[in-house]
Each structure stands twice: as structure tokens, then as C-alpha cells.
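# Overview (structure and organization)
For reference, the chains in residue letters:
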2 protein chains.
Amino acid sequence: MRDAYHEELDALTEQLVEMTRLVNSAIGRASRALLDADLTLAESVIAADEAVNALRDDLDARAMDLLARQQPVASDLRTIVTSLRMSADLERMGDLARHVARVARRRYPESAVPAPLRGTVVEMSQVAERLVAKAGSVIASQDVEAALELESDDDEMDKLHRALFTALLDPASPHGVEAAIDVSQVGRFYERFADHAVSVAGRVVFLVTGRRAEHLAASS
Amino acid sequence: MRDAYHEELDALTEQLVEMTRLVNSAIGRASRALLDADLTLAESVIAADEAVNALRDDLDARAMDLLARQQPVASDLRTIVTSLRMSADLERMGDLARHVARVARRRYPESAVPAPLRGTVVEMSQVAERLVAKAGSVIASQDVEAALELESDDDEMDKLHRALFTALLDPASPHGVEAAIDVSQVGRFYERFADHAVSVAGRVVFLVTGRRAEHLAASS
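Residues numbered from 1 in each chain as written. Chains lettered and ligands numbered in written order. Predicted model: local features only at pLDDT ≥ 70, side-chain atom pairs only at ≥ 80, totals over all residues.

All right, on to the overall build of chain A then. Secondary structure summary: chain A contains seven helices and zero strands in total. Going from the N terminus to the C terminus, chain A shows its helices and strands as α-α-α-α-α-α-α. In terms of overall size, chain A behaves like a compact globule, its C-alpha atoms giving a radius of gyration of 19 Å where 220 residues would be expected to give roughly 17 Å. If you line up chain A on its principal axes, its C-alpha atoms span 60 × 40 × 25 Å. A fraction of 81% describes how many contacts in chain A between residues 6 or more apart in sequence connect residues 24 or more apart. (Helix = DSSP H or I, 4+ residues; strand = E, 2+ residues; numbered from the N terminus. Rg over C-alpha atoms; globule rule 2.2 N^0.38 Å. Contact = placed C-beta atoms within 7 Å.)

See below:
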């Protein structure tokens, strides 16, 4: 049986997993709002980001309270400080989903994504959702192997990001300046979203092994 | 006289101020590299970001060590955890300066900034430098009034950012898609840089007053 202190530590983990769920829903719905030019959906994603921020604030307050009351050392200390860092990553991922929704809102009733680029944006949104779902599993399971896999999903995101820019700059199918700005911004939001998911997974790796993910990945 | 523990706490603050100096130099030099299409300078900014990252790693290790050894409570605990957060902001500001330098490098031997937009980009770089310098002073002085002033500098950045987009989208002086993408990215890098400087100042406000900067600013 776990004592009250360890239950509080577990609660931090559960709250982080809950944040990954909210952020997963946010990026999925923001992507749909963007591709379908759905203003109501965009507005709802923008409004829902408050819930992610509130969860982060609550988590940070609990973590600080645990630091002050329990004066943890060693792995418990690392768990708590890592939770603070993950909550910052996840809060930022929520912001990025909101940014995607704001591009959708700004361009309504048009879609911000020209038809020839839709396929790439759809794929980017799918990779983003997959990454945050995996980050959630990894937080819960502390599975180092699974955490290291996020790097290769992120390679896929980088490849899509480059493909998006190549398509944007293709002289054979010119896009307007406005579309170019919107799509390049959205592309960057997805790419940053993925980076933060990889960062969350990397923090799990460091927590469990005491080594940086990039070193383990290089040596495996 | 300060004991060894409080000297270590002071050292965290000094190291944060040192980070603001490096980041100030980085954004200033990246801006020059961008505007003058100076490849050597761009490369040196990109390489120098390692020093910011190393400083952050060292600071974080010291902060964790203090948490583990000293089991601080109350204001010392807040100081240490806030240091961890500020170091993350400053490290990210270093990344953003590097991103500006990478745009300069990508577009060499051209300048990424079309002539009619130079003035606005120059102003953005000046506001960015001013903000990080002020953030450094505020970390050292813990001056809440000065910290709250960063908000209005940031308003200026937001205004410049909007002006940049308006100019980019002006049908009377059309820009190519490539320039539009570069300039909109650079604009966003400056804007995010400024946001992180404001975030650093806000953390000082919270540390000193226990209240959020936005609440104090609203009531003042």
C-alpha cells in the first residue's frame, strides 16, 4: 500500500497524463477546424486552452507544496522537478494547438490551407496526435524503449515540414503571400508541438536512466 | 556575511544574469547578420548557442543539488525553482537568436529582409535587445516596478510585429513567397524572444510579491 506522500506523487503523474489527453484533443480539433474552416470548432479550441493552463497551475502548485512539505531527495526530487518541466512542455503544446485554431479563425470563411497542401497538413496533424498520445503512455509507463521511439516519429514530422516548404516554394504551383505565411506558420506550430512531445519523452528517459535521451539513442 | 549556502543561491542569480548577457549579444549579432547578410557572423551566433546551453545545464545541476542538499523551504525554495524556470526561458531565447541567424545563413548571399521592411526589423531587434537587458537588470535588482515595465516594451514589439505583417501583405509592394516566409518567421522569432523576456520579469514579480505580474499590472 502506498502512503499519502507517494499517492500525491502518483497524482502528479496522473495529472500530466490528463494534460496529454486535453492537448491531444486540442491539436486534433484545431487541425479539423483549420482544414474544414470550422469557426465554431476553432473558437472552442481557443477557449478550451484555459483548462490546460488551469491544470498546469494546479499541478505546479502541488509540486511546489510537495517540495516544501516533504523535502524529497534523490528520485522523488527528480520526479517532482521533472513534473514541473513536463507541465511547462504540455502547457506550451496547448498554446500551439490554440495557435493553429487562431489561424483557422483568422482565415474564416476560407480555409488557410490551399488544396494541394492539405495532404501534408493532414499527415502533420496525425503525427502530432500520435506523438502526444505516445508521450502520455510514456509518462504513465516510464517505458524507456517506447520513449526513445518518439525520436523517429519526430523525424517523420521534420520530413513533412520540409515537404511543406518545398511545396510552398514550388514555382510550378504558386501560392499567394497570405497563404504562404499562414501555412508556414502552421507548419512551424506542428513542428514545435512535436518537439515538445519529444522533450517530454526525453525527460522520462532522463528520470529513469539518469542519462540523456540523445546519448542513449546514439548508443543503441 | 553570507554563509556558503546563501552564496550558492547568489551564484544562481549571477549565472542567470550572465545568461541574459550572452543572449543579448546573440540576438544583437544575429540581427546584424540578418540585415547585413553576414555569413561569418551568422555562423558564429549559431556556434555560440552551445555556451548558453552549457550555462543552463550547469545552472540546473546546481539548482537541483541545492534542492537535494539544503532542502530549502519558503522563499529559498521559490528562488531555486524560479531559477530553473528562468534558465529555461533564457535558453529558449538563445535558440530564437540562433534561429534568426539560421535564416540569415539560409538566404546568404542575399539578405532575407527586403529593403522596405528593414526599418521595422531593425526596430524589432532593438526592442528585443532592450528587453533582455532589462530582464537581466530585473533579475539582479528584483525591482518589481522595473519588471512590470517590460510589459509596455512588449506592447511595442507586438505593434512592430503587426506592422511587419501589414507591410508583408501590402498589395502595393508585393514580396515573393520566399521573402514572405522568411520575414514572417523572423518576426515571430523576435516576438517570442520578447515574450520570454517578459516571462522572466514576471517570474521576478511572482518571486518578490507572490502575485502574478498580470494581476499587479491590471491593478496599478
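This part covers the relation of the copies chain B and chain A. Superposing chain B onto chain A requires a rotation of 180° together with a translation of 0.0 Å along the rotation axis, leaving an RMSD of 0.0 Å. In symmetry terms, the pair is related by a two-fold rotation axis. In this assembly, 94% of the residues forming the interface of chain B have copies in chain A that are likewise at the interface, indicating an isologous arrangement. (Least-squares fit on C-alpha atoms with pLDDT ≥ 70 in both.)

Each partner contributes residues to the interface: chain B has 18 residues there, and chain A has 17 residues. Along the lines of polarity and charge, the residues of the side of chain B that touches chain A split into 13 nonpolar, four polar and one charged. (Nonpolar A, V, L, I, M, F, W, Y, C, P; charged D, E, K, R; others polar.)

Looking at chain A, the pLDDT average stands at 94 and 98% of residues meet or exceed 70. The ipTM for the predicted assembly is 0.92, set against a pTM of 0.95. (pLDDT = per-residue confidence, 0-100.)

By size, the foremost hydrophobic cluster in this structure holds 132 residues, and its most contacted members are Ala 197 and Ala 201 of chain A together with Ala 197 and Ala 201 of chain B. Setting aside its immediate chain neighbours within four residues, Ala 197 of chain A contacts Met 93, Leu 131, Val 132, Ala 135 and Leu 150 of chain A. (Core = buried A, V, L, I, M, F, W, Y, C linked by C-beta atoms within 7 Å. Buried ≥ 20, exposed ≤ 12 C-beta atoms within 10 Å, placed from the backbone.)

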